Amino acid sequence: MASMLSAEASHLFRIRRTLLKMLKKRNYVVDVAQLEMSSEAFQEQFGEQPKRTDLTILAEHETDAEDQVFIFLPDEEKVGVKTIKQYCEMMKEASVSHAILVVKAGITPFAKTALQEMASMYLIEHFRDNELLVDITEHKLVPAHQPLSPEDKAALLKRYKLKESQLPRIQKNDPVARYYGLKVGEVIKIVRPSETAGRYVTYRVCI
């Protein structure tokens, strides 16, 4: 009989599963076996007391092998400048400019400033643990979202003879926008069930 995961291991198992789903929905290559990993297999791979640092992920985009992203889970409660600099060093060595940081409680003010200063070279998103315990896109109250490619966005604007500024908006810090890593100017398609039409489609531009 497999032993139950400890509270911390269960916590990390759930976060890792959400991260892998997030990568998949952002069109990064994700191994199905990792995505569907059971809690027993997780314990077998990472031990009864998993180390956050062992959960580092490096994924590449399905259509562009140059587009890679690191996922880091630092140990400290509040992440400081030193840790950010260490990650940037790793990214530089691997020629990766995009990372997702999963922090226990937050980031120090100095670290936030450092992230802003490095924004021209490195895109580092950050989420708190408790934002990733469940996959918000699977919640029954959250309609289906699908980011558009630049080509699909151009076709949409042409089809409806619209300017980008005429589209409804979604804030960059909206939870779903953050989940998909939307950048300013990108458009997301939202499909809601409708009693009359079967489904109701809207588009929002990220601001």
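These numbers were taken from a predicted model, which means no experiment stands behind them.

Here we look at the nonpolar core
In this structure, Leu23, Phe42, Ile71, Leu73 and Val102 are the most contacted members of the largest nonpolar core, which totals 33 residues. Listing elements by their share of this core, those giving two or more residues are α1 (7-25), α3 (39-46), β1 (57-60), β2 (68-72), β4 (98-103), α7 (175-180) and β9 (187-194). Take this core: its biggest share by element is eight residues, from α1. Not counting residues within four places of it along the chain, the set of residues in contact with Phe42 comprises Leu5, Ala9, Leu12, Phe13, Arg16, Met37, Gly47, Pro50 and Leu55. Counting residues in each nonpolar core, the second largest holds 18 residues, with Ile84, Met91, Leu101 and Met118 among its members.

A few points about empty space enclosed by the protein
One pass over the structure, following the stated rule, counts one cavity of 30 Å³ or more. Reported here for the largest cavity is a volume of approximately 40 Å³. As for the largest cavity, its lining consists of Phe13, Arg16, Arg17, Gln34, Leu35 and Met37. Secondary structure elements with two or more residues in the lining of the largest cavity: α1 and α2 (32-35). Among the elements that make up the lining of the largest cavity, the one with the highest residue count is α1 (three residues). Among the residues forming the lining of the largest cavity, the class breakdown is three nonpolar, one polar and two charged.

Section: the sheet that holds strand β8 (residues 169-170)
One open sheet accounts for four strands, arranged β7-β9-β10-β8; its pairing is mixed. Lying at the two open borders of the sheet, with one neighbouring strand each, are β7 (144-147) and β8. Judged from the four bridges that link them, β7 and β9 form a sheet pairing that is antiparallel. Its bridge partner being in β9, Pro147 is matched across the sheet by Ile188.

Conventions we followed
- Within each chain, residue numbers correspond to sequence positions counted from 1 in written order.
- Only residues with pLDDT of at least 70 get local features here, since the model is predicted, and only at 80 or more are side-chain atom pairs given and counted; chain-wide, interface and lining totals rely on the full set of residues.
- Heavy atoms throughout the structure, all of them, feed into the side-chain values; hydrogens and water do not.
- For our purposes a nonpolar core is just a set of buried Ala, Val, Leu, Ile, Met, Phe, Trp, Tyr and Cys residues, chained together by side-chain atoms within 4.5 Å.
- Between buried and exposed lies partly exposed: a residue is buried under 20% and exposed over 50% of the maximum accessible area for its type, with that area taken using a 1.4 Å probe on protein chains only.
- Under the DSSP-based scheme used, a helix requires at least four consecutive residues in state H or I and a strand at least two consecutive residues in state E, with every element numbered from the N terminus.
- Every residue pair with non-hydrogen atoms within 4.5 Å of one another is taken to be in contact.
- Grid points spaced at 1 Å and placed over the protein atoms alone form the basis of the search, with a cavity being a set where a 1.4 Å probe fits but cannot get out and a pocket an open set showing protein on both sides within 12 Å along at least five of seven lines. Lining residues have an atom within 4 Å of a point.
- Grid points are joined across faces, edges and corners, and a volume is the space filled by probe spheres set on the points.
- Polar here means any residue other than Ala, Val, Leu, Ile, Met, Phe, Trp, Tyr, Cys and Pro, which are nonpolar, and Asp, Glu, Lys and Arg, which are charged; Gly is therefore polar.
- Note on pairing: two strands pair once DSSP finds at least 2 bridges between them.

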